[in-house]
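Each chain, letter by letter, is given below.
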Amino acid sequence: MADVILETKGLTKEFKGFTAVSEVNLQVERGHIHALIGPNGAGKTTCFNLLTKFLSPTYGTISFNGVDITRLSSAEIVRHGVVRSFQISAVFPHLTVLENVRVGLQRSLGTSFHFWKSERSLLSLNDRAMALLDEVGLAGFADSVTVDLPYGRKRALEIATTLAMDPELMLLDEPTQGMGHEDVHRVTELIKKVSAGRTILMVEHNMSVVAGICDRISVLQRGALLAEGTYDEISGNAEVMEAYMGTTSGALEGAHA
């Protein structure tokens, strides 16, 4: 039996007659990097918003570690260990890199929303913050103001701040979007590195990234689950080719979600 950390059954979201996500049954195995892919408008980000309760499902259930979390709030989802990143880099631009990670770590002090806390009360977090920055290759940027970082480094910082929340399951929304080849490679290697001992569910448009690091792939089309399997299985699926390319010939490689 597979060790399933996240499961949805019949997950559906309707907007005034339009079904954005339709009867999705998803199983994410513990320790895997699992990709959610599909053409534009397939419902990938809506699905992420349902899993993290930025939206509430119309029908269906969501279970995490065997516990029904369908009716929990976004904050409660985070406390259970499910933490997401976003398509647009979500860091504080005028704080230093170290300060950004400390904001995430404040949760362990129970002062997450007490931004007026003295510098002294946060010093106990520095060692852990530096360890996280070292993990994502940003230790040398600790004192840099975040707004000055190159885009790829900002995404690495976002992964560090996500790790600061001590997630059991990380949801990464388009982690390599808008990056050049060098940054894509760096962030891909980073995701592979930080996946040790964690589970990652990611929406990703770059098929070379998906092929290189993902254990399992789920393909959405028009809000419904079209196919699921390894990259080799998915890339050889005629229905998937049709969904991406409008043809049953050609290669999935390079297609954009």
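All residue numbers here refer to positions counted from 1 along the written sequence of the relevant chain. With pLDDT at 70 or above as the cut-off, local features in this predicted model cover only qualifying residues; side-chain atom pairs require 80 or more to be listed or tallied, and sums for whole chains, interfaces and linings still use all residues. Only heavy atoms go into the side-chain values, all of them from the structure, while hydrogens and water stay out.

### Some details on the sheet that holds strand 5 (residues 67-68)
Strand order in the open sheet formed by four strands is 2-1-4-5, and the pairing between neighbours is antiparallel. Edge positions in the sheet fall to strand 2 (18-29) and strand 5, since each of these pairs with one other strand and no more. DSSP bridges decide pairing: two strands pair if at least two such bridges lie between them. Elements are defined by DSSP. Helices are runs of H or I of four residues or more, strands are runs of E of two residues or more, and each kind is numbered from the N terminus. Taken together, the eight bridges between strand 1 (residues 4-15) and strand 2 define a ladder with antiparallel strand orientation. When the sheet's bridge partners are listed, glutamate 7 is paired in strand 2 with glutamine 27. Here a residue-residue contact requires only that any non-hydrogen atoms of the pair lie within 4.5 Å. Axes, fitted as lines to C-alpha atoms, cover a helix only where it is in contact. Angles between the N-to-C directions of the axes lie from 0 to 180 degrees. Sitting on the sheet, helix 1 (residues 44-51) is in contact with strand 1, strand 2 and strand 4 (59-64), with an inclination near 115° to strand 1.

### Some words on the packing of helix 3 (residues 97-105) against helix 6 (residues 151-164)
One can describe the packing of helix 3 onto helix 6 by two numbers: an axis separation of 7 Å at closest approach and a directional angle of 30°. The angle between helix 3 and helix 6 places the two elements in the roughly parallel class. Crossing geometry of helix 3 relative to helix 6 is assigned as right-handed. Taken together, the residues of helix 6 that come into contact with helix 3 (itself represented by Val97, Asn100, Val101, Gly104 and Leu105) are Leu157, Ala160, Thr161 and Ala164. Residue type decides the class: Asp, Glu, Lys and Arg count as charged, Ala, Val, Leu, Ile, Met, Phe, Trp, Tyr, Cys and Pro as nonpolar, and the leftover types, Gly among them, as polar. For the contact of helix 3 with helix 6, the residue count by class is six nonpolar, three polar and no charged. By definition in this entry, angles of less than 35 degrees are roughly parallel, angles greater than 145 are roughly antiparallel, angles of 65 to 115 are roughly perpendicular, and the rest are oblique. Helix crossings fall into two classes, left-handed where the near helix is turned counterclockwise from the far one by less than a right angle and right-handed where it is turned clockwise.

### Description of the packing of aromatic side chains
Pairing of aromatic rings covers Phe, Tyr and Trp, the last counted by its six-membered ring, and requires centre-to-centre distances within 6.5 Å; plane angles under 30 degrees mean stacked, over 60 mean edge-to-face, and any other angle means tilted. Counting across every chain of the model gives zero aromatic pairs. Counting as a charge over the ring demands two things of the Lys NZ or Arg CZ atom: a distance within 6 Å of the ring centre and an angle within 35 degrees of the ring normal. One Lys or Arg, lysine 13, reaches over the ring of phenylalanine 15 and ends 5.3 Å from the middle of that ring. Above the plane of the ring of phenylalanine 54 lies arginine 84, whose end atom (NZ or CZ) is 5.2 Å from the centre.

### Quick word on the pattern of salt bridges
Whenever a carboxyl oxygen of Asp or Glu lies within 4 Å of a side-chain nitrogen of Lys or Arg, that contact is scored as a salt bridge. All chains considered together, the criterion is met by nine salt bridges. For glutamate 135, the salt bridge goes to arginine 198, with nearest N and O atoms at 3.7 Å. Of the two residues, glutamate 135 sits in helix 5 (residues 126-135) while arginine 198 sits in the loop between helix 7 (181-194) and strand 8 (199-203), which places them 63 residues apart along the sequence. Glutamate 189 is the partner of lysine 192 in a salt bridge, and the nearest nitrogen-oxygen pair spans 3.5 Å. Separated by three residues within a single helix, lysine 192 and glutamate 189 lie in helix 7, roughly one turn from each other. Given a relative accessible area of 40%, lysine 192 falls into the partly exposed group. Residues joined in a network through salt bridges with shared partners are Asp3, Arg30 and Glu168. Each residue gets one of three labels from its accessible area relative to the maximum for its type: buried under 20%, exposed over 50%, partly exposed in between, using a 1.4 Å probe on protein chains only.

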